[in-house]
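Examining the three-dimensional arrangement
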Amino acid sequence: MEIESVDFKSTGSIETDLNADVKINIKESDIFKDAIGPGMSVETSELHVEGNIASGASIRARILEIKGQTHKTATIEADKAMIAVHRGSVTGKDIEIDRLEGGYVNGDTVKVRSVIGGEIVGRNIYIEELTSNASIRASELIDIKKVKGNNNKLVIDPTVTKQYSQKIEDIKEEINKLNISIKPMPKILEAKKRTIEANRGVIEDIKHKIIELKNDGKTPPASLLGKIKEYQKMVNEYNRILKDFKETKHRISYLNESLQSAQDQIFSAKIVNHGTWKEFNEVKFKLIYPPIEVTYNTKDGEVIREITLNKMNDEDFEIKRSGEYS
């Protein structure tokens, strides 16, 4: 379907099934007009827009191309997005932007030719030209061809991707719940063990008495049999709690190992600069467990091809700077 523009007067909002084979081309390319008007929403499988996206506009598509610019209040969701000038908010998988001007980008793989402020979050981020006042957060890679400005924050944080972050939060939440449940167990076990030990002699005497009565052909009193059952019930309860305690400790240990293993990917993550650094750009690595931040501030003219995080021991970490590519 090919239309001139999407606005309140002519078409209103357009919504189709994202999985349907529907391709929409919006032809309006005048820089002084909006291809998608204020407050309009478009949802379709494939969308190509020649011009601009107005304030409050909302777009959802599997494949998206915008040859104009997006307003700072426009919101976009797309599996694959290609945008000329971006000032709004876009989330997706593979995102390519010619010029980012203060907008927000969140994707799996993000490629931007020129960054003039704004925020980028992703797994792998590629930037050709970085000016000033940008926040770049990645879980695996930040790759920059040229740094032209300062006051940029470059952060390696394994939790920035939604799936990974949810996984970490789920592990932490389970560890917290298990620690709460296990906390009273040692005192309970100790109290039950003391009671069991204190009554052991009496129970042995009762057992011998029951055996004597049976040997004499007499029926043991129900009260004696009841005490044996009560004692056995107490022992069974102790064993059950002890089993739960050991299994919970084992589960906590396993989850802590999983958390550590998940965090270890930060040591293979890196920030790459193919040119020289400018001063006052902050590089930061954020660990999950323990929650530690390791920071380095770049200096003017530095030639550091790769910046990575090095583990000294369980509590000490340092930023490694290399003039060579790994």
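Above: the structure in question.
Section: the pairing of strand E15 (residues 282-286)
Counting buried positions along E15 gives four out of five residues, so the element sits mostly inside the fold. In this structure, strand E13 (residues 153-156) lies alongside E15, joined through four bridges in parallel fashion. Of the residues in E15, the one forming a bridge with Val155 is Lys284. In this antiparallel pair of consecutive strands, E15 and strand E16 (residues 293-297), the connection spans six residues.

Notes on helix H2 (residues 185-215)
A rise of 1.5 Å per residue sets the reference length of H2, with its 31 residues, at 45 Å; its end C-alpha atoms lie 42 Å apart and thus fit the reference within 8%. Where H2 bends most, at Arg200, the angle is about 40 degrees. Where H2 is buried, its residues meet helix H1 (162-182) and helix H3 (222-263). Positive backbone phi, approximately 75 degrees, marks Gly217, located one or two places after H2.

As for the packing of aromatic side chains
Taken as a whole and judged by the stated rule, the model has one aromatic pair. Ring centres of Phe267 and Phe317 lie 6.1 Å apart, and the angle between their planes is 15 degrees; on these two criteria the pair is classed as stacked. In this pair, Phe267 is assigned in the loop between H3 and strand E14 (270-273) and Phe317 in strand E18 (residues 317-322), connecting sequence segments 50 residues apart. For Lys111, the ring lying beneath its charged end belongs to Tyr126, and the centroid distance is 5.9 Å.

A closer look at the layout of surface pockets
The space that makes up the largest pocket amounts to roughly 510 Å³. Taken together, 26 residues form the lining of the largest pocket, with Gly92, Lys93, Asn106, Asp108 and Lys162 sitting closest to its centre. Residue contributions to the lining of the largest pocket peak at four residues, all from H1. Looking at the lining of the largest pocket, its residues break down into seven nonpolar, nine polar and 10 charged. Counted as a void, the second largest pocket has a volume near 160 Å³. Every residue lining the second largest pocket is listed: Glu96, Ile97, Lys111, Val112, Arg113, Tyr126, Ile127, Glu128, Asp143 and Lys145. Those elements that provide at least two residues to the lining of the second largest pocket are strand E9 (89-100), strand E10 (104-115), strand E11 (118-130) and strand E12 (134-147). Looking at the lining of the second largest pocket residue by residue, the class counts come to four nonpolar, no polar and six charged.

About the thresholds
- Counting from 1, residues in each chain are numbered in the order their sequence is written.
- Local features in this predicted model are restricted to residues whose pLDDT is 70 or higher, and side-chain atom pairs enter the listing and the counts only when it is 80 or higher, whereas totals over whole chains, interfaces and linings include all residues.
- The side-chain numbers reported here are obtained from all heavy atoms of the structure, hydrogens and water having been left aside.
- Exposure categories follow from relative accessible area, calculated using a 1.4 Å probe and restricted to protein chains: below 20% of the type maximum is buried, above 50% is exposed, and the middle band is partly exposed.
- Helix and strand definitions follow DSSP, with helices as H or I runs of at least four residues and strands as E runs of at least two, each counted in order from the N terminus.
- We call two strands paired when DSSP finds no fewer than two bridges between them.
- Expected helix span is taken as 1.5 Å per residue step, with the number of steps being one fewer than the number of residues.
- Think of it this way: the bend at a residue is just the angle between two axes, each fitted to seven residues, one set ending at that residue and the other starting at it.
- Should any heavy atoms of two residues lie within 4.5 Å, those residues are considered in contact.
- Here a Phe, Tyr or Trp ring, Trp counted by its six-membered ring, pairs with any other such ring whose centre lies within 6.5 Å, and the pair is stacked when the planes are under 30 degrees apart, edge-to-face when over 60, and tilted otherwise.
- Consider the ring centre and the ring normal. A charge sits over the ring if Lys NZ or Arg CZ is within 6 Å of that centre and within 35 degrees of that normal.
- A 1.4 Å probe that fits but cannot get out identifies a cavity on a 1 Å grid over protein atoms alone, an open set with protein on both sides within 12 Å along at least five of seven lines counts as a pocket, and a residue lines either if it has an atom within 4 Å of a point.
- Grid points are joined across faces, edges and corners, and a volume is the space filled by probe spheres set on the points.
- Only Asp, Glu, Lys and Arg are considered charged, only Ala, Val, Leu, Ile, Met, Phe, Trp, Tyr, Cys and Pro nonpolar, and every remaining residue, Gly among them, polar.

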